[in-house]
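One letter stands for each residue in the lines below.
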Amino acid sequence: MATLDFYQAGRSRVHGWNPVTKLSLSLTLVVTAFALPVLWWPVALLVLVLLPAVLASGVQRRFLATMSRFLLPVILLLFVIQGLFYPGGGQVLLTLGPLSVHADGLLFAARTALRLVVLTGSFLFLLLTTHPGDLMTALVARGLPPKISYVVSATLQIIPAFRQRAQGILQAQRARGLRTDTGLVSRVRALVPLISPLILGALSEVDERSIAMEARAFGSTARRTSYTVIPDSTAQRLARWLMLLAALTAIALTTTGVVS
Amino acid sequence: MITVDKLGYTYPETARPVLREIDLNVPSGQFLGVVGPSGAGKTTLAQALAGYIPHVLGGEVTGRVEIGGLHVVDTPLPDLVTRVGMVSQNPFNQISGAKFTVAEELAFGLENLGVPRQDMLIAVREVLRRLRIEHLAERSPYELSGGQQQLVALGAMLVMNPDVLVLDEPTSQLDPAGSRLVFEALGELRSRDITVVLIEHKIERLAEFADRVVVLVDGELRMDGPPGTVLAAPELVEWGIGHTRFTTAAVRAGGRWPSGAALPVTLDQALAGFGGAR
Ligand SMILES: Nc1ncnc2c1ncn2[C@@H]1O[C@H](COP(=O)(O)OP(=O)(O)O)[C@@H](O)[C@H]1O
Ligand SMILES: [Mg+2]
């Protein structure tokens, strides 16, 4: 079954880290990258932290493929727009007819692009190496409302299941002679008999699904326990405190103007 | 133990009661079969026993439903789920979506009730073993066949150790292999100290499992008795419920079925009757 999450199973040390440690790492990378107005800082984070972590977990192929698919178009656009239309101006590097490329614009584009790479890369790293169920279990153990955890988990699982069902209905209708392969009009027409069973099914299922939750005492006010225990360690707890400290330091350095 | 006393029920925003004056006592450990034509109110009755009526679905209840001495209408649902569990027709909709493995899915209700982890581990392992689905423990509930999902739905109820289990046509959306899985599990339940209410249109299965059968027609209980008597009653055809193949064969056989012998509802009874006639 096709899934909506990014998780790539593996046996690396990084896979075994507590999800909260990885989430803290991602947040720290993002916060410091955005807080510190130093161009080389995101580069250092990428080279010294993120890439080694990605390599250590063995998810580099998916990481690079996903990053380039999401980010390359955005970064390209960023450079074109900021290079040509940056309001500040600054030194003109190149003139193309009525358009000119400004150094300040390129610098701004580079800074933004690096921060975007850190932002996307950090969270992609988290999602690639952390099973969504473990992430939710770990977060609920730290006070995330179970309803939020439920919405995330159910969305990740029920949407692919629905997609599968839609394919089933489509196949059944093809088997009964419905043409779905030629022309836009016939494709749109094919959607109508597909959508009605899907929507009607989904609506009548809302009651049943809320019953399924109630039948499992989801509305209980008891203090919840957890079947799954997510491993943690003193070293990781210490690391999380240090990361928090680093993020706060970065914010302090910037707001007090020590770094500018 | 189930005590139903003059139960009536009307769905919200409708006028006509769907259940009327239902009286039903089911002693502990009994395996009760329920049959009735489509639209008779079987699912509604099941939901009233499990407390989803009125706690989730609303509507107006008259009369009384008690499960092991607890008033269903007055008891909040989280307190009822350890007394009565229900398995419904659609396996997919009974998977919570909250959990990513079968073992966690089974434990979900216990987590919500705040059961200590050590007890959960034992209870989940026991249910996996009883339903013979140990090999599925780490699989995603969404990757399973319908029959396997239905076993997980059953297990999610059994793990809370209810006194009463209500099953509403649990195999009606399954293929023959899936149905067989579920009926095997029900056979296992028969030998347990649990009260079972099985709503089933495959009445040959009821003839095999049930200690007693009641017939629900148009919101009323019309018949109540041992399966051999109730399932062979001529009214069942008139009510659109039909007979087992064995009953039909004996009726069609006319004089070849021994006169005075009760009509058969199981294969063994049919063989005995026809064998004696030969
Ligand atoms: N949610 C609902 N709201 C209003 N009427 C309902 C609802 N569900 C079922 N009914 C009606 O109640 C009657 C009994 O339905 P049901 O209990 O599902 O019958 P059965 O399970 O025996 O087929 C039917 O006439 C049906 O249309
Ligand atoms: Mg029904």
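Residues numbered from 1 in each chain as written. Chains lettered and ligands numbered in written order. Predicted model: local features only at pLDDT ≥ 70, side-chain atom pairs only at ≥ 80, totals over all residues. Heavy atoms only, no water.

## A short note on the confidence of the model for chain B
Note that predicted coordinates carrying low pLDDT should not be read in detail.
For step 1, the next point in the chain: Mean pLDDT over chain B works out to 93, with 99% of the residues at or above the 70 mark.
For step 2, the next point in the chain: Reported for the predicted complex are a pTM of 0.87 and an ipTM of 0.86. (pLDDT = per-residue confidence, 0-100.)

## Examining helix H6 (residues 117–130) of chain B
Residues and elements named next belong to chain B.
For step 1, the next point in the chain: In this model H6 runs 20 Å from its N-terminal to its C-terminal C-alpha over 14 residues, within 8% of the 20 Å that 1.5 Å per residue would give.
For step 2, the next point in the chain: The set of residues buried in H6 consists of Met120, Ala123, Val124, Val127, Leu128 and Arg130. Take H6 and look down its axis: the buried residues cluster within an arc of 165°, on one side only. Set apart from the buried face of H6 by more than 90 degrees, the exposed residues are Gln118, Ile122 and Arg125.
For step 3, the next point in the chain: One or two steps after H6, the chain reaches Arg132, where phi turns positive at roughly 55°. (Helix = DSSP H or I, 4+ residues; strand = E, 2+ residues; numbered from the N terminus. Expected span 1.5 Å × (residues − 1). Buried < 20%, exposed > 50% of the residue type's maximum accessible area, 1.4 Å probe, protein only. Arc of directions from axis to C-beta.)

## What to know about the confidence of the model for chain A
For step 1, the next point in the chain: Of the residues in chain A, 90% reach a pLDDT of 70 or more, and the chain-wide mean stands at 87.
For step 2, the next point in the chain: For chain A, helix H8 (residues 184–214) of chain A is the element with the lowest average pLDDT, namely 72, and helix H2 (residues 19–35) of chain A is the one with the highest, namely 96.

## Describing a nonpolar patch on the surface
Residues and elements named next belong to chain A.
For step 1, the next point in the chain: Where nonpolar side chains cluster on the molecular surface, the patch consists of Leu77, Val80, Ile81, Phe85, Leu93, Leu94, Leu96 and Leu99 and spans about 750 Å² of accessible area.
For step 2, the next point in the chain: At the level of secondary structure, the elements contributing two or more residues to the nonpolar patch comprise helix H4 (60–85) and strand S1 (92–96).
For step 3, the next point in the chain: If one sorts the elements of the nonpolar patch by residue count, H4 sits on top with four residues.
For step 4, the next point in the chain: By secondary structure assignment, the location of Leu99 is in strand S2 (residues 99–102).
For step 5, the next point in the chain: With a relative accessible area of 34%, Leu99 lands in the partly exposed category. (Patch = residues over 30% accessible without salt bridge, like charges linked within 9 Å, V, L, I, M, F, W, Y side chains within 5 Å. Areas by Shrake-Rupley, 256 points an atom, 1.4 Å probe, with all protein chains shown as cover. Salt bridge = Lys/Arg side-chain N within 4 Å of Asp/Glu carboxyl O.)

## Points about the domain arrangement of chain B
Residue and element names in this part refer to chain B.
For step 1, the next point in the chain: In terms of domains, chain B is made up of domain 1 (2–242) and domain 2 (243–277).
For step 2, the next point in the chain: Here the C-alpha centroids of domain 1 and domain 2 sit 31 Å apart.
For step 3, the next point in the chain: Taken together, the 13 residues of domain 1 in the interface contact eight residues of domain 2.
For step 4, the next point in the chain: Summed over the shared surface of domain 1 and domain 2, the number is one salt bridge.
For step 5, the next point in the chain: When the shortest N-O distance is used, the salt bridge between Arg245 and Glu204 registers 2.7 Å.
For step 6, the next point in the chain: Applying the counting rule to domain 1 against domain 2 returns two residue pairs in polar contact (both at pLDDT 80 or more).
For step 7, the next point in the chain: Elements supplying a minimum of two residues to the side of domain 1 that touches domain 2: helix H9 (203–209), helix H10 (227–230) and helix H11 (235–238). (Domains from an automatic or database assignment. Contact = heavy atoms within 4.5 Å. Polar contact = N/O pair within 3.5 Å; in protein donor to acceptor, adjacent residues only side chain to side chain.)

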